[in-house]
Amino acid sequence: MCIRDRNEVIICEKPKSAEKIAKALSSKAKKNVFNKKVKYWTLERDGKDITVLSAVGHLYSLTPDNPKDKVYFDLHWAPLFEIDKKYKNYTKDYVRAIKKYAKDADSYIHACDYDIEGTLIGYHALKYGCGDDALKKSSRMKFSTLTKKDIVEAYENRIPIDRHQVDSGVARHILDFYFGVNISKALMKSVSAAKKRFLKLSAGRVQTPTLSILVDREKEIKKFVPKPYWLIKALLDGEIEADHVDGKIFDKTRAEEIFSNCENSDAAVDKIKYSNSTTKPPVPFNLGGLQSEAYNVFGFSPKKTQTIAQSLYTAGYTSYPRTSSQKLPESLDFKSIFLQLSKNSEFRTHISALPAKLKPNEGKKEDAAHPAIHPTGILPDKLDKDELKIYELIVYRFISVFFEAATFETMSTTLDIGGEKFKFRRRRVTHKGWLEHYPFKKIDNEEFPDVKEGDSIIVKEIVSEEKETKPPARYNQASLIKELEKRELGTKATRADIIDKLYDRKYITGNKIEVNQLGENIIDTLSEYCSNLTSEELTRDFENKLEGIDNDKATRESVVAEGEKEVKVILGDIDKNKVKIGSQIYDAYQESNIVGKCKCGGNLVKKYSPKNKSTFVGCSNYPDCKATYSVPKGANFLKKTCKTCGLPIISFGKPRQHACLDPNCGKENTKPREMKVVGVCPSCGKELIKRSGRYGEFVGCRGFPKCRFTCSLDELKDKVQ
């Protein structure tokens, strides 16, 4: 590559961002490829030769100075491909490309996402990839959208790299390593010491208090004792349903008395009250709000929503998603965004009704780095169905915040039936306002019955419903994100990942989150022997200290030193009680893997075979009982048992199907089917036979096991000519 007197290097976070930035700075930007894999861009601007290079997220990570140390407090940053050769080897070429093309430039620009993680990604690429002097010659681009306007503005108004942000990010990574790696390692050692078994366990600075919140809710549910109560309803002419004013009636005698008093009586309209109310427009989305709404509307997990939102941002369609802000500054140029969005006919229908003065209804939360999530105005060329759902959700929320409030009229009616008071309420829309422009919100619009005070209404039936009080609701992923946000645990960028890790470690299951025995026991054990690790206060205190670094109220060194001191106390507590801790955790692990009862009376336990790299179910009475069952990949055990043999029912496959754990269940008394020849094997020339398996009927070769050709009945025509 020809290097002129003035050359500049721009470091971006992802390849797509690099492409957007290069093309925004010059329409003649040229794409180049390093080692047949890594794309980079070259261009000329203002008399400078510019090379735009890309990372792929973090290229460097923490690793111990001496991996043989019992605990890891002496750490250094190293290329990811050296630390994790199996999964991160793809990062090697990106590091090599930066080292090759960024060396000895006259100036460097950090153009990764403007948040703590983005700052750290670019900082390390500059420090370790571009040479010792690179940081002294570096500046920072700050943008919230990858549009040409914002990119050029950020390029022309560069700022210094925020060293407080860097220090905060470095401290966060060190603390997470201290807590996560050291404590997870200590817990696994405790199991090994107690049971001579290896068990992969995970604990963390935020992960463990999050699990503790879920365990507390699990215990509340288990301890809950339901109480019976009665609801008395009156079904009236005109499809009116009225409720007794006492609501939940816990005294059975009183419920029977009300029911008796109301028999053979009509309803007298005692009082009618009309009132008006308004519902303000929603506030703009921050990341938590978007995750919550996407879960409620589409059932998307917070992690999925975050991934899609990041993809839409990188493509230039929406603004930066990892923001806490619920505010939209006027500098965004609302009119320009709406003008571009109006090229879509569906959006135009709503945009054309906007008021002349564009003033959004904003929330209280602010973020110094980025505004609330909003569309850029650039319409997508091609999105998959889930991306389109999130994009439209963001667009319609953005449109709706500029409209006026919706207004409602409420009719509250009190009735007298046999001396007992009943009431019903109806609500109708008097002005739709923003609700007309946000299709994801149901509109209450009920008809008012034609009645007035003093009227008599025929009672068709009095109904007494016996019910039971319900335990506290389980968290779902969206409500847990809200809870973590409320308790100031984790960050907007990490909360979804923390929940994902709890699922990955099999501590929790289900959409309505249920903690298994292992997850519950880990929290009980840690609370008993090292309560600091489950403490929300400790985690929150460190979060505040990390923010303090960013705000120049604390130093990286002081926060890291305090973290090391705290971890040493926790490790000491674990070491003193390692046999007890290891025994309790392993026993809970065994119990959490019990899936049912064996015919011999033992427990059926889910196990993993490292040799075959597969899951199977075996009996706890092995070797006396050698019952084993294979488990299809991705199978879940349901809380149901087979009506024929009593074994657990599993769900598996795509689409999901349910079957007994024993694939031979119910086949003992069936006559062997006559093998039906359906063709000739294209692999070996032997006969193809129709066979039956757990997944239903399929076609297999008579030459099995030497020939393993199989196909579905539907595929037979295409596979066999």
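Being a predicted model, the structure only gives us computed values, none of them experimental.

A. Looking closely at the overall build of the chain. The helix and strand tally for the chain stands at 20 helices and 28 strands. Judged by the C-alpha coordinates and their principal axes, the chain covers about 100 × 80 × 70 Å. By the burial criterion, 48% of the 721 residues in the chain qualify as buried. Look at the contacts in the chain between residues 6 or more apart in sequence, and 66% of them connect residues 24 or more apart.

B. Here's a closer look at the packing of aromatic side chains. Taken as a whole, this structure holds 23 aromatic pairs when the rule is applied. Residues Phe-34 and Tyr-101 carry aromatic rings whose centres are separated by 6.0 Å and whose planes lie at 90 degrees to one another, so their mutual orientation is edge-to-face. Here Tyr-101 lies in helix α3 (residues 92-101) and Phe-34 lies in strand β2 (residues 30-34), a separation of 67 residues in the sequence. Across the pair, exposure class does not vary: Phe-34 and Tyr-101 are buried alike. An angle of 65 degrees between the planes, with centres 6.1 Å apart, marks the rings of Tyr-396 and Phe-440 as edge-to-face.

C. Broad picture of the pattern of salt bridges. Under the criterion given, the structure shown has 46 salt bridges. For Asp-575, the salt bridge is made with Lys-578, and the minimal N-O distance between the two is 3.8 Å. With a relative accessible area of 35%, Lys-578 lands in the partly exposed category. Through salt bridges with shared partners, one network takes in Glu-483, Lys-486, Arg-487, Glu-536 and Arg-540.

D. Fine view of the sheet that holds strand β7 (residues 107-110). Spatially, six strands are ordered β2-β3-β4-β1-β7-β8 in an open sheet, and the strand pairing comes out mixed. The open sheet is flanked by β2 and β8 (138-140), the only strands paired with a single partner. Each neighbouring strand pair of the sheet contributes to a mean axis angle of 25 degrees, computed without reference to strand direction. Bridge count between strand β1 (residues 7-12) and strand β4 (residues 48-54): six bridges; the pairing is parallel. In the sheet register, Val-9 faces β4, and the bridge partner there is Thr-51. Here helix α4 (residues 116-129) sits on the sheet in contact with β1, β7 and β8, set at roughly 155 degrees to β7. Contacts from helix α5 (residues 148-156) reach β1, β3 (38-45), β4 and β7, with the element oriented near 65 degrees to β3.

E. Quick look at the packing of helix α10 (residues 302-314) against helix α15 (residues 495-504). The contact between α10 and α15 brings their axes to 8 Å, and the two run at 135 degrees. On the basis of the axis angle, α10 is oblique to α15. Where α10 crosses over α15, the handedness of that crossing is left-handed. The residues of α15 that touch α10, namely those facing Pro-302, Lys-303 and Gln-306, are Ala-496, Asp-497 and Asp-500. Of the residues contributing to the contact of α10 with α15, the split by class is two nonpolar, one polar and three charged.

F. Summary view of α10. The terminal C-alpha atoms of α10 lie 18 Å apart, and with 13 residues this matches the ideal 18 Å at 1.5 Å per residue to within 8%. When α10 is considered as a whole, its buried residues turn out to be Pro-302, Thr-305, Gln-306, Ile-308, Ala-309, Gln-310, Leu-312, Tyr-313 and Thr-314. On the buried face of α10, the contacting elements are α1 (15-25), α9 (287-298), α13 (385-400), α14 (477-486) and α15.

G. Layout of the pairing of strand β20 (residues 614-619). Here strand β19 (residues 603-609) pairs with β20 via six bridges, running antiparallel. The residue bridging Lys-607 from the neighbouring strand is Phe-616, located in β20. Hairpin connection between β19 and β20: a loop of four residues separates the two successive antiparallel strands, and Lys-613 in this loop has a positive phi of roughly 50 degrees.

H. Inspection of the environment of Lys-545 at higher detail. Within the secondary structure, Lys-545 sits in helix α17 (residues 536-550). Sequence spacing of Lys-545 and Thr-555 is ten residues, and the spatial spacing of their C-alpha atoms is 8.7 Å. Among residues more than four places away in sequence, those in contact with Lys-545 are Ala-554, Val-559 and Glu-562. In terms of polar contacts, Lys-545 uses its side chain to reach the side chain of Asp-541, at 2.7 Å.

I. Focus on helix α6 (residues 163-195). In this model, α6 (33 residues) spans 47 Å end to end at C-alpha, consistent with the 48 Å of a helix rising 1.5 Å per residue. The backbone nitrogen of His-164 has a side-chain oxygen 3.0 Å away, supplied by the residue at the start of α6, namely Asp-162.

J. Inspection of the confidence of the model for the chain at higher detail. Per-residue confidence for the chain gives a mean pLDDT of 91, with 97% of residues at or over 70. Looking over the chain, one finds the lowest element-wise mean pLDDT in helix α20 (residues 716-719), namely 72, and the highest in α13, namely 97. Predicted confidence for residues 1-5 stays below pLDDT 50, and this span has eight contacts to residues more than four positions away or in other chains.

K. Geometry of the state of the cysteines. If you walk through the whole model with that rule in mind, you get zero disulfides. The closest cysteine sulfur to the non-disulfide-bonded Cys-130 is located on Cys-112, 10 Å from its own sulfur.

L. How the structure looks around the pairing of β7. A two-sided burial pattern is seen for β7, the buried positions comprising Ser-107 and Ile-109 on one face and Tyr-108 and His-110 on the other. Looking at chain direction, β1 and β7 are connected through four bridges and run parallel. The partner of Glu-8 across the bridge, within β7, is Ser-107.

Calculation criteria
Residues numbered from 1 in each chain as written. Predicted model: local features only at pLDDT ≥ 70, side-chain atom pairs only at ≥ 80, totals over all residues. Heavy atoms only, no water. Helix = DSSP H or I, 4+ residues; strand = E, 2+ residues; numbered from the N terminus. Buried < 20%, exposed > 50% of the residue type's maximum accessible area, 1.4 Å probe, protein only. Contact = heavy atoms within 4.5 Å. Phe/Tyr/Trp six-rings, centres within 6.5 Å; stacked < 30°, edge-to-face > 60°. Salt bridge = Lys/Arg side-chain N within 4 Å of Asp/Glu carboxyl O. Pairing = 2+ DSSP bridges. Axes fitted to C-alpha atoms, helices over the stretch in contact; angles between N-to-C directions. Parallel < 35°, antiparallel > 145°, perpendicular 65-115°, else oblique. Left-handed = near helix turned anticlockwise from the far one by under 90°. Nonpolar A, V, L, I, M, F, W, Y, C, P; charged D, E, K, R; others polar. Expected span 1.5 Å × (residues − 1). Polar contact = N/O pair within 3.5 Å; in protein donor to acceptor, adjacent residues only side chain to side chain. pLDDT = per-residue confidence, 0-100. Disulfide = S-S within 2.5 Å.

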